[in-house]
Amino acid sequence: MVARPLIGISTYAESGVRWGVWQLDAALLPAGYPRLVQRAGGLAAMLPPDAPERAAATVARLDGLVIAGGPDVEPVHYGAEPDPRTGPPARARDAWELALVRAALEARIPLLGICRGMQLLNVALGGTLVQHIDGHAEVPGVFGRHRVKPVPGTRYAGLVPEETSVPTYHHQAVDRLGAGLVPSACAEDGTVEAVELPTAPWVVGVQWHPEMDEDLRVIRGLIAAAEGTS
């Protein structure tokens, strides 16, 4: 039997989570993320926030890494003052996930950033973010859909060559691209919806939420890279 690649997925850390008779601090993740990895043929391992200095040792045990969606990245990480519409900081998660991204880039293991994860990838490489845009998260707590168009010749276009409708929920976006990153898909309003790092074996970020969709082509690209078959 061929061993399935082990894919780490970053998680939330939330206080006062209730289940049954319990209300405790919890490391948690919407089930769509591990299911996405599992449906594509990988083994999912949840990575709760930890000390940033442990990121390299964590990444060394993985075949691939997914940085999940979540709260806004604190603007201090890209040299900006908070916009009034920027959400409260998640400092432990920012520090941990930035360390994971940098460790994965250093180790050259396959990396997929989803929504916040794409923004963190950009910030980790010295890029900046637009702190608020309209039209990409219209109803609180409800995923919308819009179309994205691939950039010909990119890795993403090789996986998804046609324009597609994707599930989306975000109010921030990439502004200045980080070092080495190139855009690989855009929305109709010009928002950069996917980025990639051509100098790395497999590094892709998508601004939408593939864990809320049936299209497995991007995550299958990550799995194939983690297996060494792409």
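Refer to the structure printed above.
Note that this is a predicted model, so its numbers are computed, not measured. (Residues numbered from 1 in each chain as written. Predicted model: local features only at pLDDT ≥ 70, side-chain atom pairs only at ≥ 80, totals over all residues. Heavy atoms only, no water.)

Peer 1: I'm lost on the pattern of salt bridges in this one. Help?
Peer 2: For side chains bearing opposite charge, pairing can occur when the charged atoms are close. The tally for this structure, following the rule as stated, stands at 11 salt bridges. A salt bridge links Asp50 to Arg54; the shortest N-O distance between them is 2.9 Å. Asp50 gets classed as partly exposed once you look at its relative accessible area, which sits at 33%. Residue Arg217 pairs with Glu162 through a salt bridge whose shortest N-O separation is 2.8 Å. (Salt bridge = Lys/Arg side-chain N within 4 Å of Asp/Glu carboxyl O. Buried < 20%, exposed > 50% of the residue type's maximum accessible area, 1.4 Å probe, protein only.)

Peer 1: Explain helix α4 (residues 116–124) to me, please; I cannot follow it from the model alone.
Peer 2: Since there are 3.6 residues in each turn of an α-helix, residues three or four apart along the chain are aligned in direction. Within α4, 9 of the 9 residues are buried, leaving the element largely enclosed by the surrounding structure. If you check which residues of α4 are buried, you get Arg116, Gly117, Met118, Gln119, Leu120, Leu121, Asn122, Val123 and Ala124. Looking at the residues trailing α4, positive phi occurs at Gly126, about 90 degrees. (Helix = DSSP H or I, 4+ residues; strand = E, 2+ residues; numbered from the N terminus.)

Peer 1: Any chance you could explain the packing of aromatic side chains here in plain terms?
Peer 2: Aromatic ring pairs: the centre-centre distance and the angle between the two ring planes describe each pair. Using the criterion set out here, one finds 2 aromatic pairs in the structure. Note on Tyr156 and Trp208: the rings are 5.6 Å apart at their centroids and 65 degrees apart in plane angle, and the pair reads as edge-to-face. Residue Tyr156 is located in helix α5 (residues 155–159), and its partner Trp208 is located in the loop between β13 (203–206) and α6 (217–227); the two are separated by 52 residues in the primary sequence. Of the two residues, Tyr156 and Trp208, both sit in the buried class. Positioned above the aromatic ring of Tyr12 is the side chain of Arg93, whose terminal nitrogen or guanidinium carbon lies 4.5 Å from the ring centre. (Phe/Tyr/Trp six-rings, centres within 6.5 Å; stacked < 30°, edge-to-face > 60°. Lys NZ or Arg CZ within 6 Å of the ring centre and 35° of its normal.)

Peer 1: For this particular structure, what's the right way to read the layout of surface pockets?
Peer 2: To find leftover empty space, a probe the size of one water molecule is rolled over the atoms. For the largest pocket, the calculated volume is near 480 Å³. What lines the largest pocket is a set of 25 residues, and nearest its centre among them are Tyr12, Gly70, Cys115, Tyr169 and His209. If you list the elements that add at least two residues to the lining of the largest pocket, you get α1 (32–39) and α4. Residues that form the lining of the largest pocket fall into these classes: 11 nonpolar, 10 polar and 4 charged. (1 Å grid on protein atoms, 1.4 Å probe; cavity = no way out; pocket = protein on both sides within 12 Å on 5 of 7 lines; lining within 4 Å. Points joined across faces, edges and corners; volume = space filled by probe spheres on them. Nonpolar A, V, L, I, M, F, W, Y, C, P; charged D, E, K, R; others polar.)

Peer 1: Could you clarify how one ought to interpret the nonpolar core in this entry?
Peer 2: Proteins that are soluble and globular tend to have nonpolar side chains buried together. Leu65, Leu100, Leu111 and Leu121 are the most contacted members of the largest nonpolar core, which totals 31 residues. For this core, the secondary structure elements donating two or more residues are α2 (55–60), β5 (64–67), α3 (91–107), α4 and β12 (192–196). Counting residues per element, this core draws most heavily on α3, at 8 residues. Each residue touching Leu121, except ones within four places of it in the same chain, is listed here: Val101, Leu105, Leu111, Leu181, Val195, Val203, Val204 and Gly205. By size, the runner-up hydrophobic cluster in this structure holds 29 residues, among which are Leu36, Val204, Val218 and Ile223. (Core = buried A, V, L, I, M, F, W, Y, C linked by side-chain atoms within 4.5 Å. Contact = heavy atoms within 4.5 Å.)

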